[in-house]
Amino acid sequence: MDSCAPHESLIAGAREDTEATTISTMTAPAARVTAAPTASRAAKAARHLPSLTGLRWATAMLIFGHHLMAVEYFGGTAGTVWAFVFEAGKTGVTLFFILSGFVLAWGHKPHQSAGSFYWHRFARIYPLHLVGVGLALVAAATLVPEIQTAGRAPLVANVFLVNGWVPDWWQAGNPASWSLVCEAFFYLSFPFLIRPLVRLSNRARGGVVVASLVLVALAPQIAAISPVPMSAASTPLLRLPEFVLGVTLALLMKSGGWMPWKLRYTLPLAVAGYALSEAPPIPGTDIHPGLAATVGSFALLVASLAAADAHGRSTFLARPLWQELGRVSFAFYLVHLLVIASVSSSWPEGHPQLPWRHALPLALAAFAIALAIAWVLHRVVEVPAQKWLLRYDRSRRVSEGTGAAVGGATPGASMAARAASR
């Protein structure tokens, strides 16, 4: 069974430690400036990127649709149409990886220690990950035996978020959590990536953007010729360029060295990029320019939404309902495939293949159950566990006090200044 991931990815908003579904404030290494009231309002807007929270939920829906296709809820002509729309839904993972890098770089706090950063990321994803693994074990022992993990080693590897480094283990434990393996590697790398990227000129950062897109196109070829077993889909090292692209674009925007096109241009490009993800490789190779087009167009969409928020022009994705759904998107991602497979388990081999009039109510039932479970897990596990764990980050109060003392600027300071002048 194929599995795509959002998460943290599983995936910007108003609270500091909610990864890509929320945005943290940052103390930038900039000189102190006495701002006019209008500039202060613009700076405050630049601090939070609520449209990216809503985008997480929209992306989670693409992945949900893809997994309905993979489990074959729809049969006949309905199945063909559904596959045409959602075959590329697996690219939602790419969008989550870009979002993760963008949000972490946008909210980067230079004074935060690597240990504090790692603890925040651990608090963000690990409690819910453990619950997800537990639910997967229950599902495998009851309704969905086909997801049972063969052997202890891959299961333990999934618990510690390293199973994706062995291609045959990529869906061990909770099949959806393979993307968390990538995210864990991205988090581990971030303190080492952000320092040199911050020091680069904007021209050099442009080179990093181009190199990231080239590596995306080359990833399947690299996996094919690698002497070490690798998967272009799930090996964290081969997904790293997507994360780096998000980081680099955020730094370019924060420096004022680049501004994305407006949403009316980037949204159609993202739709085209979504379709191009299924484009064939260059003949005689495993090089996929279509994948680079997908990643590039998705990155432009993320940047344009962030620019709209930072300039006080938030989109419909910033509305309260989208914010609430975006906040539960991580929990929804971790359980949605288990629910889809469990609801369809009574059909032969778990593939209903039903006509529209029967498949659609079944799909809606799976959606409602997954959303209800996700909401409970978000309220009962994710938020309380994160708050409890962050109490043990000793450097947190110190760093916050330091930030207040130096009176640093907020993220996107140069963008905020430009917005104030408009």
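Owing to the predicted nature of the structure, the values given are computational and were not obtained by experimental measurement.

> Please clarify how the overall build of the protein should be interpreted in this entry.
Summing up its helical and strand segments, the protein has 16 helices and zero strands in all. Looking at the protein as a whole, 53% of its 422 residues are labelled buried. Put simply, the protein shows about 17,900 Å² of open surface, and 68% of that area lies on carbon and sulfur atoms.

> Would you explain unusual backbone geometry in this entry?
Among all residues except glycine, the phi angle is most often negative; among peptide bonds, the trans geometry is most common. In this model, glutamate 72 sits at a positive phi of 65°, which is unusual for a non-glycine residue. You can call glutamate 72 partly exposed: its relative accessible area is 30%. Even without a glycine there, the phi angle at leucine 161 is positive, about 60°. Within the element layout of this structure, leucine 161 appears in the loop between helix H6 (152-159) and helix H7 (178-199). A residue is classified by how much of its surface remains accessible, and leucine 161, at 6% relative accessible area, is buried.

> Would you explain the confidence of the model for the protein in this entry?
Interpretation of this model should avoid reading the predicted coordinates in detail wherever pLDDT is low. Considering every residue of the protein, the mean pLDDT works out to 87; 82% of them sit at 70 or more. Note that pLDDT drops below 50 for residues 5-45; the model gives that stretch 152 contacts with residues more than four away or on any other chain. Within the model, pLDDT remains below 50 along residues 416-422, and this stretch shows 12 contacts once partners closer than five positions in the same chain are excluded.

> Help me out: how do you make sense of helix H4 (residues 92-106) in this one?
Since the α-helix turns once every 3.6 residues, residues separated by three or four places project in the same direction. The first and last C-alpha atoms of H4 sit 21 Å apart over 15 residues, in line with the 21 Å expected at 1.5 Å per residue. Among the 15 residues of H4, 15 are classified as buried, and the element is accordingly described as predominantly covered.

> When you look at a nonpolar patch on the surface in this model, what are you seeing that I'm missing?
On the surface, a nonpolar cluster with roughly 610 Å² of combined accessible area is contributed by Val81, Phe84, Val85, Trp356, Leu360 and Leu364. Secondary-structure assignment places valine 81 in helix H3 (residues 76-86). A residue is classified by how much of its surface remains accessible, and valine 81, at 38% relative accessible area, is partly exposed.

> Teacher, can you tell me more about the packing of helix H5 (residues 114-141) against H7 here?
With their axes 10 Å apart at the nearest point, H5 and H7 run at an angle of 170° to one another. When the interaxial angle is binned, H5 and H7 end up roughly antiparallel. Counting all contacts with H5, which are made through Ala114, Phe117, Tyr118, Arg121, Ile125 and His129, the residues of H7 involved are Leu180, Tyr187, Leu188, Phe190, Pro191 and Phe192. Per-class residue counts for the contact of H5 with H7 are 10 nonpolar, one polar and one charged.

> So what exactly am I meant to see when it comes to the pattern of salt bridges here?
One side chain can pair with another of opposite charge once the charged atoms of both are near each other. Enumeration over the complete set of coordinates arrives at six salt bridges. Three or more residues joined by partner-sharing salt bridges are found here, namely Glu87, Lys90 and Glu278.

> Which parts of the structure should I look at to understand the packing of aromatic side chains?
Each pair of aromatic rings is reported with the distance of its centres and the angle of its planes. All told, the structure shown has 23 aromatic pairs when counted by the stated rule. Pairing phenylalanine 186 with phenylalanine 243 gives two aromatic rings, centres 4.8 Å apart and planes at 20°, and the pair type is stacked. Residue phenylalanine 186 is found in helix H7, and its partner phenylalanine 243 is found in helix H9 (residues 236-255); the two are separated by 57 residues along the sequence. The exposure class of phenylalanine 186 is buried, given its relative accessible area of 0%. Residue class for phenylalanine 243 comes out buried when judged on its relative accessible area of 0%. A connected cluster of aromatic rings, assembled from ring pairs, spans Phe97, Phe117, Tyr118, Trp170, Trp178, Phe186, Tyr187, Phe190 and Phe243. Directly above the aromatic system of tyrosine 187 lies the positively charged group of arginine 121, at a separation of 5.8 Å from the ring centroid.

> Please explain the environment of leucine 245 as it appears in this structure.
Position of leucine 245 among the secondary structure elements: in helix H9. Separated by 37 residues in the primary sequence, leucine 245 and valine 208 place their C-alpha atoms 7.5 Å from one another. Every residue in contact with leucine 245, bar those within four places of it in the chain, is listed here: Val209, Ser212, Leu213, Val295 and Ala299.

> Just checking my understanding: could you explain the side chain of threonine 91 for this structure?
As for its position among the elements, threonine 91 is in the loop between H3 and H4. Engagement of the side chain of threonine 91 in a polar contact is seen with the backbone oxygen of alanine 88, the distance being 2.7 Å. In contact with threonine 91, not counting residues within four places along its chain, are Tyr274, Ser277, Thr294 and Phe298.

> How do you make sense of the packing of helix H12 (residues 320-327) against helix H14 (residues 356-390) when you look at a structure like this?
Two quantities define a packed helix pair, namely the angle between the helix axes and the distance between the axes. One can describe the packing of H12 onto H14 by two numbers: an axis separation of 10 Å at closest approach and a directional angle of 75°. When the axes of H12 and H14 are compared, the pair comes out roughly perpendicular. Only Leu371, Trp375, His378, Arg379 and Glu382 of H14 make contact with H12, whose side of the interface consists of Glu324, Leu325 and Arg327. Residues belonging to the contact of H12 with H14 are distributed by class as follows: three nonpolar, one polar and four charged.

> Would you mind going over the nonpolar core with me for this structure?
A general feature of soluble globular proteins is that nonpolar side chains tend to end up buried together. By size, the foremost hydrophobic cluster in this structure holds 89 residues, and its most contacted members are Leu52, Leu55, Tyr73, Phe102, Val247 and Val302. In terms of residue count, the dominant contributor to this core is H4 (11 residues). Residues within four places of phenylalanine 102 in sequence aside, it is in contact with Leu49, Leu52, Gly246, Val247, Leu249, Ala250, Met253, Val302, Ala303 and Ala306. Formed by seven residues, the second largest nonpolar core is a distinct cluster that contains Ala136, Ala140, Val144 and Leu338.

> How should H7 be read in this particular structure?
Between its terminal C-alpha atoms H7 stretches 32 Å, which fits the 32 Å expected from 22 residues at 1.5 Å a residue. Taken as a whole, H7 carries its principal kink of about 50° at phenylalanine 190; the proline proline 191 stands between one and four residues after it.

Parameters and conventions
Residues numbered from 1 in each chain as written. Predicted model: local features only at pLDDT ≥ 70, side-chain atom pairs only at ≥ 80, totals over all residues. Heavy atoms only, no water. Helix = DSSP H or I, 4+ residues; strand = E, 2+ residues; numbered from the N terminus. Buried < 20%, exposed > 50% of the residue type's maximum accessible area, 1.4 Å probe, protein only. Areas by Shrake-Rupley, 256 points an atom, 1.4 Å probe, with all protein chains shown as cover. pLDDT = per-residue confidence, 0-100. Contact = heavy atoms within 4.5 Å. Expected span 1.5 Å × (residues − 1). Patch = residues over 30% accessible without salt bridge, like charges linked within 9 Å, V, L, I, M, F, W, Y side chains within 5 Å. Salt bridge = Lys/Arg side-chain N within 4 Å of Asp/Glu carboxyl O. Axes fitted to C-alpha atoms, helices over the stretch in contact; angles between N-to-C directions. Parallel < 35°, antiparallel > 145°, perpendicular 65-115°, else oblique. Nonpolar A, V, L, I, M, F, W, Y, C, P; charged D, E, K, R; others polar. Phe/Tyr/Trp six-rings, centres within 6.5 Å; stacked < 30°, edge-to-face > 60°. Lys NZ or Arg CZ within 6 Å of the ring centre and 35° of its normal. Polar contact = N/O pair within 3.5 Å; in protein donor to acceptor, adjacent residues only side chain to side chain. Core = buried A, V, L, I, M, F, W, Y, C linked by side-chain atoms within 4.5 Å. Bend = angle between axes of the 7 residues up to and from the residue.

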